[in-house]
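# Observations on the three-dimensional arrangement
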Amino acid sequence: MNPFLDVILRSTAVYFFMMIALRVFGKKELSQLNTADVILILLISNSVQNAMVGNDTSLYGGLAAATVLFAINFILKKLMFKYKKFSDFIQEKPEILIHNGTLDFDILSKLNITSDELHEAMREHGVEKFKDVKLAMLEIDGNISIISGDKNLRQTHHKRKIHKTLGSLN
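## Structural notes on the overall build of the protein
The helix and strand inventory of the protein stands at seven helices and five strands. For the protein, the succession of helices and strands along the chain, N to C, is α-α-α-α-α-β-β-α-α-β-β-β. In the protein, which comprises 170 residues, the proportion classed as buried is 31%.

## Remarks on the pattern of salt bridges
Scanning all chains against the criterion turns up four salt bridges. Close ionic contact of Glu95 with Lys110 constitutes a salt bridge, the shortest N to O distance being 3.3 Å. With Glu95 in strand β1 (residues 95-99) and Lys110 in helix α6 (residues 105-110), this residue pair connects regions lying 15 residues apart in the sequence. Residue Glu95 is classed as buried on the basis of its relative accessible area of 15%. Note on Lys110: relative accessible area 54%, which makes it exposed.

## Describing unusual backbone geometry
The phi dihedral of Asn100 is positive, around 50°, even though this residue is not glycine. Mapping Asn100 onto the fold places it in the loop between β1 and β2 (102-103). The backbone of Asn112 shows a phi angle near 60°, a positive value even though the residue is not glycine.

## Structural notes on the confidence of the model for the protein
This prediction gives the protein a mean pLDDT of 77; 79% of its residues lie at or above 70. Segment residues 160-170: pLDDT under 50, and 26 contacts once partners within four positions in sequence are set aside and those in other chains are kept.

## Side note on the nonpolar core
Ranked by internal contacts, the top residues of the largest apolar core, which has 16 residues, are Leu97, Ile98, Leu118, Val133, Ile144 and Ile146. The set of elements that each furnish at least two residues to this core consists of β1, α6, α7 (115-124), β3 (133-138) and β4 (144-148). What Val133 contacts, discounting residues up to four positions off in sequence, is Ile98, Asn100, Gly101, Met122, Val127, Ile146, Ile147 and Gly149. Counting seven residues, the second-largest nonpolar core is a separate cluster that includes Val7, Val14, Val48 and Ala65.

## Side note on a nonpolar patch on the surface
Where nonpolar side chains cluster on the molecular surface, the patch consists of Met1, Leu5, Ile8 and Leu9 and spans about 410 Å² of accessible area. Mapped onto the elements, Met1 comes out in the segment before α1 (3-25).

## A word on the packing of aromatic side chains
For the coordinates displayed, the defined rule picks out one aromatic pair. When the centroid spacing of 5.6 Å and the interplanar angle of 80° are considered together, the rings of Tyr15 and Phe16 count as edge-to-face.

## Quick notes on the side chain of Ser145
Locating Ser145 in the fold gives a position in strand β4. Owing to a relative accessible area of 10%, Ser145 belongs among the buried residues under this scheme. A polar contact is formed between the side chain of Ser145 and the side chain of Glu139, at a distance of 2.9 Å.

## Points about the environment of Phe70
One can find Phe70 in helix α4 (residues 59-82). A sequence separation of 55 residues divides Phe70 from Tyr15, and the C-alpha atoms of the two residues are 10.0 Å apart.

## Digging into α7
Within the span of α7, buried status applies to Glu117, Leu118, Ala121 and Met122. Buried residues of α7, viewed axially, fall in a sector of 135°; they line one side. Exposed residues pointing more than 90 degrees away from the buried face of α7 are listed as Asp116 and Arg123. Positive phi shows up at Gly126, right after α7, with a value of about 80°.

Parameters at a glance
All residue numbers refer to positions counted from 1 along the written sequence of the respective chain. Selection of residues for local features in this predicted model requires a pLDDT of at least 70, selection of side-chain atom pairs for listing and counting requires 80 or more, and totals for whole chains, interfaces and linings are taken over all residues. With hydrogens and water set aside, each side-chain value is computed from the structure's full complement of heavy atoms. A run of DSSP states H or I qualifies as a helix once it reaches four residues; a run of E qualifies as a strand once it reaches two. Both are numbered from the N-terminal end. Only protein chains enter the area calculation, which uses a 1.4 Å probe; residues under 20% of their type maximum are buried, those over 50% are exposed, and those in between are partly exposed. Basic side-chain nitrogens of Lys or Arg form a salt bridge, by our definition, when they fall within 4 Å of a carboxyl oxygen of Asp or Glu. Known as pLDDT, the predictor's per-residue confidence is scaled from 0 to 100. Here, two residues are considered to be in contact whenever any of their heavy atoms come within 4.5 Å of each other. We define a nonpolar core as any set of buried Ala, Val, Leu, Ile, Met, Phe, Trp, Tyr and Cys residues linked to one another through side-chain atoms lying within 4.5 Å. Each patch is built from residues lacking any salt bridge and having more than 30% relative accessible area; the joining distance is 9 Å for like charges and 5 Å for nonpolar side chains (Val, Leu, Ile, Met, Phe, Trp, Tyr). The Shrake-Rupley method, run with a 1.4 Å probe sphere, supplies the accessible areas, and residue values consider only the shown protein chains as cover. Aromatic contacts are taken between Phe, Tyr and Trp rings whose centres are within 6.5 Å, Trp giving its six-membered ring; a plane angle under 30 degrees counts as stacked, one over 60 as edge-to-face, and the others as tilted. N or O atoms within 3.5 Å of each other form a polar contact, as long as, within protein, one can give a hydrogen and the other can take it, and as long as residues adjacent in sequence are counted only when both atoms are side-chain atoms. Taking the helix axis as origin, the arc is that swept by the directions to the C-beta atoms.

See below:
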């Protein structure tokens, strides 16, 4: 087999495996990185490198693998923009966590969002009590958006932070 075709096929397989793995493990994991998550990402990147390029450790092999990953990502983004059904298949939907002060315990449990995490997001939005939340949603990027129910109706967006020792995403 042609070595570049081999790199292309391997890189494509790894890309789709990682997409499925991220889908299975959930969107919450994308925005809430702690030390263990960063270590996992580093180890995964090291472990899949050989799966993508095989024995070809040349500059051209690495560039071919990177080009394939960029191309697949570009094509998928274009397809998701053009075809809503495809986008719905690839991306998860936003989830309602709180509606008019009422928590959806089934969704919170399914998404493994703890009470402490929800309280932290509310505090960062300046909301003290669940009854003051008109709408809280876990967005497709893993962040929690909160619309308060007070008369001034503020909308804020909570950016989840990386572990304190690693800095923040903001």
